[in-house]
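# Structural features, examined
The residues making up each chain are set out below.
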Amino acid sequence: ASKLTGALPAIDGSALTGGGKVLQVVSSNLTTSVTTSSPSWTATGHSASITPQTGSKVLFIIAGGGAAQNSTSDFCHTTMYRGATNLGHTNYGLETHGGGDPNEIAPHSVFGLDDSPGGNGSTSITYQAYFLARGTTTAYYNHSSHGHVKITLIEIGA
């Protein structure tokens, strides 16, 4: 290092080829609590939008906040939708919380890879968290005592 002189050239990743390059990252925070007692997938109102290139994939994450249910042996399920498409299991989504003590709260921990978001480089695609209550419970998306929950979308180039 002592023999280096002058300025080093800037590194430009635009000439990199092959898949796996992160092209963009977007995120959205929600600081309010949302509840449902519905056994059907219910929109949380928490979403983020991204405009992926043709052939890209989108890694999506829901993290933080708190998932909860208020009844023993009942469940709260969380999933991610791209438009009208549920990216998780039809009945259970991508995250299940509950079956234990009532009002037990755990941070959301949803991760998934959307292999075919259908981007073309000019159309914005919206991802939104949905949840449902299984049993006689009230389900919480971002329980009020646990700050904020964040959706993060990461475009991975083809």
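Here, the structure is the one placed above.
The model shown is predicted, which means the values in this text are computed figures rather than measured ones.

The rules we used
Residues numbered from 1 in each chain as written. Predicted model: local features only at pLDDT ≥ 70, side-chain atom pairs only at ≥ 80, totals over all residues. Heavy atoms only, no water. Helix = DSSP H or I, 4+ residues; strand = E, 2+ residues; numbered from the N terminus. Contact = heavy atoms within 4.5 Å. Core = buried A, V, L, I, M, F, W, Y, C linked by side-chain atoms within 4.5 Å. Buried < 20%, exposed > 50% of the residue type's maximum accessible area, 1.4 Å probe, protein only.

Helix and strand counts for the protein stand at zero helices and 11 strands. The N-to-C order of helical and strand elements in the protein reads β-β-β-β-β-β-β-β-β-β-β. Of all intrachain contacts in the protein linking residues separated by at least 6 positions in sequence, the fraction that spans at least 24 positions is 82%.

Within the secondary structure, His143 is located in the loop between strand E10 (139-141) and strand E11 (149-156). What His143 contacts, discounting residues up to four positions off in sequence, is Ser33, Gly66, Ala68 and Ile105.

What follows covers the nonpolar core. Among the nonpolar cores identified, the biggest contains 20 residues, and Ile62, Tyr127, Tyr141, Ile151 and Leu153 are the most heavily contacted of them. The set of elements that each furnish at least two residues to this core consists of strand E3 (42-50), strand E4 (57-69), strand E5 (75-82), strand E9 (125-134), E10 and E11. In terms of residue count, E9 provides more of this core than any other element does, five residues in total. Those residues in contact with Leu153 that sit more than four places away from it in its chain are Gln24, Val25, Val26, Ala48, Ser49, Ile50, Val58, Leu59, Phe60 and Tyr127.

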